[in-house]
Amino acid sequence: MTHTISLTVNGKAHCSVVEPRLLLVHYLRDILGLTGTNIGCDTSQCGSCTVHMDGEAVKACTVLAVQADGASIKTIEGMAANGSLHPLQEAFREEHGLQCGYCTPGMIMAADALLRRNHKPSEAQIRQGLEGNMCRCTGYQNIVKAVQNAALKMA
Amino acid sequence: MAKTVGTSVKRVEDPRFLRGQGTYTANLQLPGMTHLAVKRSPHAHAIIKRIDATRALALPGVLGVFTGKDLIEGGCGTLPVGWSVPNQKTPDRHALTPDRVRHVGDGVAAVVAESSYIARDALDLIEVEYETLPLVTDARKAAEPGAPLVHPAIANNISYEWELGDKQACADGLAEAHIVVEQELINTRLVPNAIEPRACVAQWNAPDDQMTIWTTSQNPHPIRVLLSAFTLKIPEHKLRVIAPDVGGGFGSKIFHYPEEVIVPWVSRKINRPVKWVCTRSEAFITDSHGRDHVTVAKMGFKRDGTITGLQVTTWANQGAYLSTFASLIPTILYLGCISGMYKVKGIFGHVFGTLTNTVPVDAVRGAGRPEAAYLVERMIDIGARRLKKDPWEVRHKNFIPASEFPYQTPVAFNYDSGDYHAICDKVATLADLKGMRERQSEARKAGRLVGIGFSTAIEISGYGPSKVVTSIGSALGMWESAALRVYPTGKVTLFTGSHSHGQGHETTFAQIAADELGIAVSDIEVVHGDTGRVQQGVGTFGSRSGTVGGTAVVKAAAKVREKMRRIAAHQLEAAEEDVVFDQSNGTAYVKGSPDKAKTFFEMAFSTFTANQLPAGMEPGLEETAFFDPTGLTAPNSAHIAQVEVDPATGEVEIQRYVAVDDVGNIINPMIVEGQLLGGIVHGVGQALLECARYDSNGQLLSGSMMDYAMPRSNLMPMIEMGRTVTPAPSNPLGVKGAGEMGTIASTPAICNAVMDALQIDHLDMPLTPERIWQALQ
């Protein structure tokens, strides 16, 4: 049994025939080839696969592709407009908010959703807001600084 | 050209990661790719009676099912170990176990299919009949008489026993003590949990008998050696191992894993590319775990706090098989470090490496050294408490004085350099220890459970020389290689055998080469992690990249400079000894005449045109160097943590964390600080959260990220960092290891702070609210 879904990913329309059980993250990675969205766990804990669905941060391992039918999806590949880095991407580089880079796409997508909800988050609000995204390399300190830096850039 | 070493050059690798363009193994797509999944044992110990794959093979899209017997008959060898201590009993470990499963997660069959979903479906259709056996999971109980045997040929489940130190000196030291503190300590089992799960892709190219393997490894060259000589048995020149972007390692991606054998074997068998990607739940029961020690220790103190002796007996859980470097960790890296930063005359340690029905245990960030620091730093705090002395002063009293470096400890290592009093004074100043104490005193009067904890710790990093490490158990040398290829236009590719999986080598190694050659960082590309491109290598573990790999770059650059200097001398018609290479701008000229210099580009181009070279000089400019360290480096730390325990819930709030680290000279302060920060939080995770716990059936209770607590962004306040520098004398850069230091020091700092808050001797980790609340009742 298959379903036909129509959705927009990073501004581009797609129409695909998918199994009902196919996860959105596998759809993005394996069918559309958008491998920037990483998979770090299988229990919706690590947040590596965070993308935006109609503007909300979601963990793409916990959304079925069929649930995204009609939705607008944004992934890390859609963050750099016209080739230049998004302020969050710049801030992560300036503050050394990444090391191995694996959690980074999900972290940036989560941080972007956080900053759109709250333009001037406190340190505590950033720490709480990114609680659903795990990083083993940085100890989070420079990620928090990067989000603070980006908030200033985007103000 | 200003020096770049010592400055925070922004990372070269960042843009691709920030754009989602990392080349992680799981991202690889090849035409005709198939997908592999592994059927794993649900039992901790059982005999395989029967495997029936009929239903799985009937599923459309399934291409094959293979068992341990198929792999053996197909020529696969057992997985070897890379470290052997005397009289070590190493059990056979097959990529897929043919007859008996020895831990939950042991692989029994592999299925390959047209899609990853079909492969997973097929797993459920493979029927395996087991006869379960008695089992043991505890390191100490495994060695007791009558314990179930994990491998029938290995008596008492003891793979090895190992001793270090002077038994008599230790007994004498304890005899002269005013008090002897005795304590049992459990160092919890950790799951490494790099955020990228392991993965492997293999592509067999039949026309030229060539196998290419992409794998999530910290050290692709040694993996190729093991695959070629022991497991897959494809000649080394026909085997290319690529470790592309790797999403964190923390030790867990050093080892040669079964899937690195299964995936290429199946690829050759079906003549198609094969991909395997580990799920996180699968990682919990297959990635080598860390730590898991049961220790009984005695530490003797004089009335004034002087440590007189330390006696240690440890049962180190090695799991069901010996992972690649299993026996290195609880022996030389653990007992070898139990002298800490202190002058202790009488030290003796005895370790039993025991086999149990659990996941194999090997290095996790710090590897042996955190276990040593935890032991020593906990014992000192317990001793200070009994003596009613300030634990800070007890540490100060026992430090190795700066005047005594290089210092030979009574256990094993020769510490190269350090100033332990200075680093402690610095952290005390940075933390305002006096004020901290006063505020703690006031808080306590108000009934609040505020605690201050200290730790000092050394790491042994960049160990060598190869002659020494191989004499004590290593199967490989501990050198590193670097090659510099200078193109006619003066651009440079640097090939290093070291590997970056978050460390930022593409930046720091380029900084080293840039300074050595007097050219810009942007003119250098760093290539690593590919046996097909990089000549030779050992890889990244034990905080060795900067000290060993970085020094190889320095040596290769010296050869490039020398050739350029000779070319310049020839072209300037000067005696070679009169020509100098100016590292500030990459030129060469006759001493005193920089205005008539040959530029880097001119000299490089000369090796291409080859028409103005000295007689006998070969064209081209490519130099390779190998560096075998003459000794080791001993980075060191002093950390102070302040916590408050909520008596109603047992929760720990970390209020301040102040860290001063001496990692010698620093190539890139931003990167070093980042590694220290990450390391600290990793160690705090062990103190408060992380624990791999088995039940009596050998089931891993904390077997997913739902159940195994990891540090999250709200765990810590902003960490306050400081630095002291005692350059390492054993390498020209003066650098020491930095990647593991934070983890080694932070676990005891937090535990000591919590014990101080609770005013008790000891609780085992993890210091969960429940455990603390129970202690408060």
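The shown structure was predicted, so the numbers you read here are calculated from the model rather than taken from an experiment.

Parameters at a glance
Residue indices follow the written sequence of each chain, beginning from 1 at its first position. Numbering of ligands from 1 and lettering of chains from A proceed in the order in which they are written. Residue-level local features of this predicted model are given only where pLDDT is at least 70; pairs of side-chain atoms are given and counted only at 80 or more, and the full residue set underlies all totals for whole chains, interfaces and linings. Side-chain calculation: all heavy atoms of the structure are included, whereas hydrogens and water are not. A run of H or I in DSSP becomes a helix once it reaches four residues, and a run of E becomes a strand once it reaches two; helices and strands are each numbered from the N terminus. Atoms considered for the radius of gyration are the C-alpha atoms alone. The globule rule reads 2.2 Å times the number of residues to the power 0.38. Working definition: with a 1.4 Å probe on protein chains only, accessible area under 20% of the residue-type maximum means buried, over 50% means exposed, and in between means partly exposed. By the counting scheme adopted, Arg and Lys are positive, Glu and Asp are negative, and His together with the chain ends is not counted. Each charge is placed at NZ for Lys, CZ for Arg, CG for Asp and CD for Glu. Whether two strands pair comes down to DSSP finding at least two bridges between them. Residues count as neighbours in contact if any of their non-hydrogen atoms are within 4.5 Å of one another. Two parts placed together each lose some accessible area; with a 1.4 Å probe, that loss summed over both constitutes the buried area. Whenever Lys or Arg places a side-chain nitrogen within 4 Å of a carboxyl oxygen from Asp or Glu, that contact is recorded as a salt bridge. We call two N or O atoms a polar contact when they sit within 3.5 Å, provided that within protein one can donate a hydrogen and the other can accept it, with sequence-adjacent residues counted only if both atoms are side-chain atoms. Residues were grouped as follows: Ala, Val, Leu, Ile, Met, Phe, Trp, Tyr, Cys and Pro as nonpolar; Asp, Glu, Lys and Arg as charged; and all remaining residues, including Gly, as polar. The method works on a 1 Å grid over the protein atoms by themselves. A cavity is a set of points holding a 1.4 Å probe that cannot get out, a pocket is an open set with protein on both sides within 12 Å along at least five of seven lines, and residues with an atom within 4 Å of a point line them. Grid points are joined across faces, edges and corners, and a volume is the space filled by probe spheres set on the points.

1. Side note on the overall build of chain A
Okay, so step 1: From N to C terminus, chain A includes five helices and five strands.
Okay, so step 2: By the compact-globule yardstick of 15 Å for 155 residues, chain A fits well, its C-alpha radius of gyration being 15 Å.
Okay, so step 3: Along the three orthogonal principal directions, the C-alpha set of chain A runs to about 50 × 30 × 25 Å.
Okay, so step 4: Burial statistics for chain A: of 155 residues in total, 57% are counted as buried.
Okay, so step 5: In chain A, which carries 13 positive and 13 negative side-chain charges, the distance between the mean positions of the two groups comes to 5 Å.

2. Overview of the sheet that holds strand β2 (residues 46-52) of chain B
Where strands meet in a sheet, backbone hydrogen bonds hold them as pairs that are either parallel or antiparallel.
Residue and element names in this part refer to chain B.
Okay, so step 1: Reading across from one edge, β4-β2-β6 is the order of the three strands in this open sheet, with antiparallel pairing throughout. Edge strands, defined here as strands with exactly one partner in the open sheet, are β4 (100-101) and β6 (127-132).
Okay, so step 2: Relative to β4, β2 runs antiparallel, the two sharing two bridges. Bridging from a neighbouring strand, isoleucine 47 pairs with arginine 100 of β4.

3. Looking at the interface of chain A and chain B
Okay, so step 1: Across the boundary between the two partners, chain A contributes 53 residues, which contact 53 residues of chain B.
Okay, so step 2: Summing the contributions of chain A and of chain B, the shared interface buries around 4,600 Å²; its carbon and sulfur component is 54%.
Okay, so step 3: Three residues, Arg93, Met134 and Arg136 of chain A, lead the burial of chain A against chain B; their summed loss comes to 19% of the area buried on that side.
Okay, so step 4: Taken together, the links from chain A to chain B amount to two salt bridges.
Okay, so step 5: For the salt bridge of arginine 136 of chain A with glutamate 690 of chain B, the shortest nitrogen-to-oxygen distance reads 2.6 Å.
Okay, so step 6: In this assembly, chain A and chain B are joined by 30 residue pairs in polar contact (both at pLDDT 80 or more).
Okay, so step 7: Element by element, the count of residues in the side of chain A that touches chain B is highest for helix α5 (residues 141-154) of chain A, at five residues.
Okay, so step 8: For the side of chain A that touches chain B, a count of residues per class yields 20 nonpolar, 20 polar and 13 charged.

4. Overview of the layout of surface pockets
Okay, so step 1: By volume, the largest pocket is sized at about 1,200 Å³.
Okay, so step 2: When residues of the lining of the largest pocket are traced back to their parent elements, those giving at least two are α1 (24-31) of chain A together with β1 (34-40), α4 (116-125), β12 (274-277) and α9 (280-284) of chain B.
Okay, so step 3: Taken together, the residues that form the lining of the largest pocket break down as 21 nonpolar, eight polar and 13 charged.
Okay, so step 4: Along its surface, the second largest pocket is lined by 26 residues, and Leu688, Leu689, Ala709, Leu715 and Pro769 of chain B are the ones closest to its centre.
Okay, so step 5: If you tally residues by element for the lining of the second largest pocket, the top one is strand β26 (residues 652-662) of chain B, at four residues.
Okay, so step 6: Of the residues assigned to the lining of the second largest pocket, the class counts are 15 nonpolar, five polar and six charged.

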